Amino acid sequence: MPFEIKPASEFNPEAPEIGFYDLSEEVYRPAPGENWSTMKNIGRTPKKYKYRKDNPSKRTPAMAFGNLFHTVVLEPHLLDKRYTPFPETYPAKGKKVADPDIDKKWTMNAKFCKEWVEDIQEKGLEPFKQSDINYAKAMARELLDLEDAQEILEGADGYEVSCFWTNEKYQIPCKCKLDILKNGQIGDLKKITSSGGGAEWESFSRAVRSYGYHGQAAFYRDGVNAVYEHFKWPLPEIPMWRWLVVEDEAPYDTAIYSIFDHTQAESYQWFEAGRELYLFYLGQIHLYRDK
């Protein structure tokens, strides 16, 4: 069977089958399966884990901007199909009845502006400030100036690919969304704060440990491996994970860091520690479910 990313029409949202799918966020998020952002809450307390399972986080402005940034970097051809800028002004009545309409600065307190947003959203578009769109494009330009980034992004099998599998050890259904999937290798886009130390490795490696990015990398890597092995597709000789890092303030410093899933690689320690972390989370979930 040749490699494939299945369309949404072949996805069963009630009982997902193992594989890669092209799904919207609205279809992916409620689908069954442990995902990284929710399962790591078991590392805090079972009560917090259950609460997050029953009450998924609402989409915040930061999450919305993250989706915009991902589109600008990963799928720029879809930018105009997903987003549109707010107008700078809107037509408003003059002060007197006989006065002609005047242009006023855009504000969401105005009825016209609220109705415009509703109409835009009904058309499947999400409005953003032009300054936010320009900001996302500025970061993307700096990242795409890297030849290594171009090599990773160009000709990928898919972007924002939904992946479903079952963890063999605990028989728990799992899922993840891959920023970049190319020939069995995984790329992950990370926007980081300049104030927190930025893109240099010493600082970023602290963020990896602090936020558990190594657990995410190992979880996703094993998910992709499971799908490939299920369909008997040949995996890369040395599977890897690549972070494409860009800072959130000018001059938008960038970096690419690769870790290799091979026992002889110096970076293998990240996969070892990452697997220990995510398997601990799944083990705790397994125990919690049996109670």
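Check the entry above for the structure.
First things first, this report covers the structure right here in the doc. (Residues numbered from 1 in each chain as written. Predicted model: local features only at pLDDT ≥ 70, side-chain atom pairs only at ≥ 80, totals over all residues. Heavy atoms only, no water.)

## A closer look at the nonpolar core
And step 1. In terms of nonpolar packing, the biggest core is built from 44 residues, with Phe20, Leu178 and Trp243 touching the most fellow members.
And step 2. In terms of residues, this core owes the most to one element, helix α10 (residues 213-230), which gives nine residues.
And step 3. The residues contacting tryptophan 243, other than those within four sequence positions of it, are Asp188, Lys190, Phe204, Val208, Tyr213, His214, Ala217, Ala255, Ile256, Tyr257 and Ile259.
And step 4. Counting 25 residues, the second-largest nonpolar core is a separate cluster that includes Phe65, Leu68, Ala149 and Leu189. (Core = buried A, V, L, I, M, F, W, Y, C linked by side-chain atoms within 4.5 Å. Buried < 20%, exposed > 50% of the residue type's maximum accessible area, 1.4 Å probe, protein only. Helix = DSSP H or I, 4+ residues; strand = E, 2+ residues; numbered from the N terminus. Contact = heavy atoms within 4.5 Å.)

## Points about a positive patch on the surface
And step 1. Residues Arg44, Lys47, Lys48 and Arg52 make up a contiguous surface patch of positive charge.
And step 2. Along the polypeptide, lysine 47 turns up in helix α3 (residues 46-54).
And step 3. The class for lysine 47 is exposed, based on a relative accessible area of 71%. (Patch = residues over 30% accessible without salt bridge, like charges linked within 9 Å, V, L, I, M, F, W, Y side chains within 5 Å. Areas by Shrake-Rupley, 256 points an atom, 1.4 Å probe, with all protein chains shown as cover. Salt bridge = Lys/Arg side-chain N within 4 Å of Asp/Glu carboxyl O. Lys, Arg positive; Asp, Glu negative; His and termini not counted. Charge placed at Lys NZ, Arg CZ, Asp CG, Glu CD.)

## Some words on the pairing of strand β2 (residues 19-22)
And step 1. Bridge count between strand β1 (residues 6-7) and β2: two bridges; the pairing is parallel. In the sheet register, lysine 6 faces β2, and the bridge partner there is tyrosine 21.
And step 2. As paired strands, β2 and strand β7 (residues 158-167) are joined by three bridges and run antiparallel to one another. The residue bridging glycine 19 from the neighbouring strand is phenylalanine 164, located in β7. (Pairing = 2+ DSSP bridges.)

## Here's the deal with the environment of proline 56
And step 1. In this fold, proline 56 is placed in the loop between α3 and α4 (61-74).
And step 2. Separated by 14 residues in the primary sequence, proline 56 and isoleucine 42 have C-alpha atoms spaced 14 Å apart.

## Points about the sheet that holds strand β8 (residues 172-182)
Backbone hydrogen bonds hold the strands of a sheet together, and the pairing may be parallel or antiparallel.
And step 1. Taken in spatial order, the seven strands line up as β1-β2-β7-β8-β9-β10-β11 in an open sheet, and their pairing is mixed. Pairing within the sheet leaves two strands with one partner each, and these edge strands are β1 and β11 (254-260).
And step 2. Of the strand pairs in this sheet, β8 and strand β9 (residues 185-192) are connected by three bridges, and their pairing is antiparallel. In the sheet register, isoleucine 180 faces β9, and the bridge partner there is glycine 187.

## Considerations on the pairing of β9
And step 1. The buried fraction of β9 is high, at seven of eight residues.
And step 2. Sheet topology note: the β9/strand β10 (residues 240-247) ladder contains seven bridges and is parallel. Each bridged residue has a counterpart across the sheet, and for leucine 189 the counterpart in β10 is leucine 244.

## Some thoughts on the side chain of glutamate 75
And step 1. Here glutamate 75 lies in the loop between α4 and α5 (79-82).
And step 2. For glutamate 75, a relative accessible area of 11% corresponds to the buried category.

## Re the packing of aromatic side chains
And step 1. Counted according to the given criterion, the structure contains 36 aromatic pairs.
And step 2. Centroid distance phenylalanine 231 to tryptophan 233: 4.7 Å. Interplanar angle 20°. Geometry classified as stacked. Grouping residues by exposure puts phenylalanine 231 and tryptophan 233 together as buried.
And step 3. Judged by centre distance (6.0 Å) and plane angle (55°), the ring pair of phenylalanine 280 and tyrosine 281 falls under tilted.
And step 4. Overall, phenylalanine 280 belongs to the partly exposed group, its relative accessible area being 44%.
And step 5. Among the residues examined, tyrosine 281 registers a relative accessible area of 12% and is labelled buried.
And step 6. Positioned above the aromatic ring of tyrosine 28 is the side chain of lysine 175, whose terminal nitrogen or guanidinium carbon lies 4.6 Å from the ring centre. (Phe/Tyr/Trp six-rings, centres within 6.5 Å; stacked < 30°, edge-to-face > 60°. Lys NZ or Arg CZ within 6 Å of the ring centre and 35° of its normal.)

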